[in-house]
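# Structural features, examined
Next come the chains, spelled out residue by residue.
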Amino acid sequence: MDLLRRHEGSVEILTLNRPDQRNALSPELISQLSLALRDCLDDDAVRAVVLTGAGDRAFCAGMDLKAFAARSESSGPESDDTHFRMFSHGEYPKPVIGAANATAVAGGFELLLSCDVVVASDKARFGIPEVKRGLFAAGGGITLPGRIPLAIALELGLTGDLIDAERACALGLVNSVVPAEDVVGVALEFARRIGENGPLGVLATKKLMRLAFTDGVTAARAAQAAEHPKVFESEDALEGARAFAEKRTPQWKGR
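The structure contained in this document is the topic of the report that follows. (Residues numbered from 1 in each chain as written. Predicted model: local features only at pLDDT ≥ 70, side-chain atom pairs only at ≥ 80, totals over all residues. Heavy atoms only, no water.)

### Some details on the packing of aromatic side chains
Quick note on the threshold: Between rings of Phe, Tyr and Trp, where Trp is taken as its six-membered ring, a pair exists when centres lie within 6.5 Å; planes separated by under 30 degrees are stacked, by over 60 edge-to-face, and by other angles tilted. Helix and strand assignments come from DSSP, with helices taken as H or I runs of at least 4 residues and strands as E runs of at least 2, each series counted from the N terminus. The buried label applies to any residue whose accessible area, calculated with a 1.4 Å probe on protein chains only, is under 20% of its type's maximum; exposed applies above 50%, and partly exposed to all values in between.
Scanning the model with the defined rule gives 1 aromatic pair in all. Between the aromatic rings of Phe 109 and Phe 126, the centroid separation amounts to 6.0 Å while the plane-to-plane angle is 35°, which identifies the pairing as tilted. With Phe 109 in helix α4 (residues 107-114) and Phe 126 in strand β7 (residues 125-127), this residue pair connects regions lying 17 residues apart in the sequence. Accessibility assignment for this pair places Phe 109 and Phe 126 in one class, buried.

### Quick look at the side chain of Arg 18
Convention followed: Residue contacts are defined here by distance: any two heavy atoms, one from each residue, within 4.5 Å place the two residues in contact.
Summarising the element assignment, Arg 18 is placed in the loop between β2 (11-16) and α1 (27-42). In contact with Arg 18, other than residues within four places in its own chain, are Asp 2, Asn 23, Ala 24, Ser 26, Leu 29 and Asp 64.

### So, the environment of Lys 94
By the secondary structure assignment, Lys 94 is in the loop between α3 (82-88) and β4 (96-100). The sequence separation of Lys 94 and Ala 219 amounts to 125 residues, and the corresponding C-alpha distance is 20 Å. The residues touching Lys 94, leaving out its near neighbours within four places in the chain, are Cys 40, Leu 41, Asp 43, Asp 44, Val 46, Asp 116, Leu 203 and Lys 206.

### Let's talk about the sheet that holds strand β5 (residues 104-105)
Working definition: the strands of a sheet are paired by backbone hydrogen bonds and lie parallel or antiparallel to each other. For clarity, the cut-off: Any two strands between which DSSP finds at least two bridges are classified as paired.
The 3 strands lie next to each other as β5-β7-β8, forming an open sheet whose pairing is mixed. Only two strands of the sheet have a single partner each, and these edge strands are β5 and β8 (163-164). Here β7 pairs with β8 via 2 bridges, running antiparallel. What sits directly across from Arg 125, in β8, is Asp 164.

### Quick notes on the environment of Asp 39
The cut-off we apply is this: Under the rule applied, a polar contact is a pair of N or O atoms within 3.5 Å (in protein, one hydrogen donor and one hydrogen acceptor; residues adjacent in sequence only if both atoms are side-chain atoms).
Along the polypeptide, Asp 39 turns up in helix α1. Asp 39 sits in the partly exposed class, given a relative accessible area of 27%. Distance from Asp 39 to Arg 6, taken between C-alpha atoms, is 12 Å for residues 33 residues apart in sequence. At 3.0 Å, the side chain of Asp 39 and the side chain of Arg 5 are in polar contact.

### Observations regarding the pairing of strand β6 (residues 117-121)
The element β6 is largely enclosed, with a buried count of 5 among its 5 residues. A two-sided burial pattern is seen for β6, the buried positions comprising Val 117, Val 119 and Ser 121 on one face and Val 118 and Ala 120 on the other. Bridge analysis of β4 against β6 gives 4 bridges, and the strand direction is parallel. Directly across from Ile 97, in β6, lies its bridge partner Val 117. Bridging between β6 and strand β9 (residues 176-178) involves 3 bridges; their strand directions are parallel. Looking across to β9, one finds that Ser 121 is bridged to Val 178.

Following this line, the structure appears as structure tokens:
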């Protein structure tokens, strides 16, 4: 399998499993990742997702152009990448924590930009080097200027140079930098802490924050009016108040 899946409590761990190809995104891997994201979205027991890569050479080296060319020449059936595109466009509802075990470039860096929280190896490097191949960064080049100062985004986009994990963290692209062997464990801890919270509140928080980022505060405030009763009038809201008063751990139902 190009994608490994395992479940730990309320967390689903997805591992890009093409280490010999630096975990590059082939059509098969994209299809498997899209299916896994769909399954996680449909499973109420999954509160958060951790996304990482196999091996120590790369988190993901971007698109596997040879695999895409071979697929195009064979005229094989198109796979369903709906949930992969949903994730890439920042529209996936559940929290996703990126565990960058190693370097992420091009489409691999774009995957991390789509995550909500990112833990990176201190050996990892990041960037959009497409111009070095006569191309341009399609997804990452559009997303990056909204995440960091324009001058820095242009530096990365126009030179194609990579930055190390410490600089990525200083720029706010990475939440935490840890030794490579600790990356998945720290990402899991982030996921578990998120999973301990009320699921309706978590989903609404992610939705509204991302909407404020992409469409502005006015759009987020308009959407908030619809989210407010779904969360504040839910069984979970009452349970949260009762658990606080009774000094016990809340038992969430997601409704």
